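# Fold and contact review
Each chain is listed here by its residues.
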Amino acid sequence: MLQPKRIKHRKVHVGHLPAKAYKGATLNFGSYGLKTMESYFITAKQIESARRAMTRFIQRGGKVWIRVFPDRPMTAKPPEVGLGGGAGGLKEFVAAVGAGKILFEMDGVNEATAREAFRLAAHKLPVKTRVVKR
């Protein structure tokens, strides 16, 4: 799974989600891309699960680029623990994704194969997505 090698602070404030993506909203590497339609925190497990679904479908053909990186630590308290005592321990790393951000790009396959691979990947993600092409 993707995660940073080092982080400056172990726990960070939750902050807010970007409403709309300005950076990373256009295709840069491949001919086809999977674009989000909503803002959300996407976990490293979800990104890895979507990547596996895509690469298994296209087998050895084509190349896949991952355009998001989960660099933000999320904390959670253990179950049945009351309020107080500060933030919980580190649970997972997430990527804060704004609406319109390209998550994955693909090249070297035909359009039908790319659409089906992205459809399989989209089922692993908690956001509405759309396939875009150059």
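To keep things clear, this report deals only with the structure shown in the data block. (Residues numbered from 1 in each chain as written. Predicted model: local features only at pLDDT ≥ 70, side-chain atom pairs only at ≥ 80, totals over all residues. Heavy atoms only, no water.)

### A few points about the side chain of Thr-36
- Relative to the helices and strands, Thr-36 is located in strand S1 (residues 32–36).
- Other than its neighbours up to four places away in sequence, Thr-36 contacts Val-97, Gly-98, Ala-99, Gly-100, Lys-101, Leu-103, Val-127, Lys-128 and Thr-129. (Helix = DSSP H or I, 4+ residues; strand = E, 2+ residues; numbered from the N terminus. Contact = heavy atoms within 4.5 Å.)

### Some details on the nonpolar core
- Ile-42, Met-54, Leu-103, Phe-104, Met-106, Phe-118 and Leu-125 are the most contacted members of the largest nonpolar core, which totals 20 residues.
- Looking at this core, the elements with two or more residues in it are S1, helix H1 (44–58), strand S5 (89–97), strand S6 (102–107) and helix H2 (111–122). (Core = buried A, V, L, I, M, F, W, Y, C linked by side-chain atoms within 4.5 Å. Buried < 20%, exposed > 50% of the residue type's maximum accessible area, 1.4 Å probe, protein only.)

### Considering the pattern of salt bridges
- Counted according to the given criterion, the structure contains six salt bridges.
- Close ionic contact of Glu-116 with Arg-119 constitutes a salt bridge, the shortest N to O distance being 2.7 Å. In this pair, Glu-116 and Arg-119 both sit in helix H2, three residues apart, roughly one turn of the helix.
- Under the relative-accessibility criterion, Glu-116 is labelled partly exposed at 26%. (Salt bridge = Lys/Arg side-chain N within 4 Å of Asp/Glu carboxyl O.)

### Quick word on the sheet that holds S5
- In spatial order, the strands read S2-S5-S4; together these three strands make up an open sheet with antiparallel pairing. Two strands close off the open sheet at either side, each with one partner strand: strand S2 (40–43) and strand S4 (72–76). Taking the axes of each pair of neighbouring strands and ignoring which way they run, one obtains an average angle of 50° across the sheet.
- Both S2 and S5 contribute to a ladder of four bridges, which runs antiparallel. When the sheet's bridge partners are listed, Ile-42 is paired in S5 with Ala-95.
- H1 rests against S2 and S5 of the sheet, and its axis sits at about 65° to S2. (Pairing = 2+ DSSP bridges. Axes fitted to C-alpha atoms, helices over the stretch in contact; angles between N-to-C directions.)

### Regarding unusual backbone geometry
- In this structure, Gln-59 is a non-glycine residue whose phi angle is positive, near 55°.
- For Gln-59, the location among the structural elements is in the loop between H1 and strand S3 (63–66).
- The phi angle at Glu-80 is positive, at roughly 65°, despite the residue not being glycine.

### Some thoughts on the environment of Lys-23
- Looking at the secondary structure, you find Lys-23 in the segment before S1.
- You can call Lys-23 exposed: its relative accessible area is 72%.
- Lys-23 sits 75 residues away from Gly-98 along the chain, and the two C-alpha atoms are 9.5 Å apart.

### Overview of H1
- Here H1 contains 15 residues, and its C-alpha end-to-end distance of 21 Å stays within 8% of the 21 Å for a straight helix at 1.5 Å per residue.
- Among the residues of H1, those classed as buried are Ala-44, Ile-47, Glu-48, Ala-50, Ala-53, Met-54 and Ile-58.
- In the segment just after H1, Gln-59 is the residue with positive phi, at about 55°. (Expected span 1.5 Å × (residues − 1).)

Function-wise, these values are silent; they only describe arrangement.
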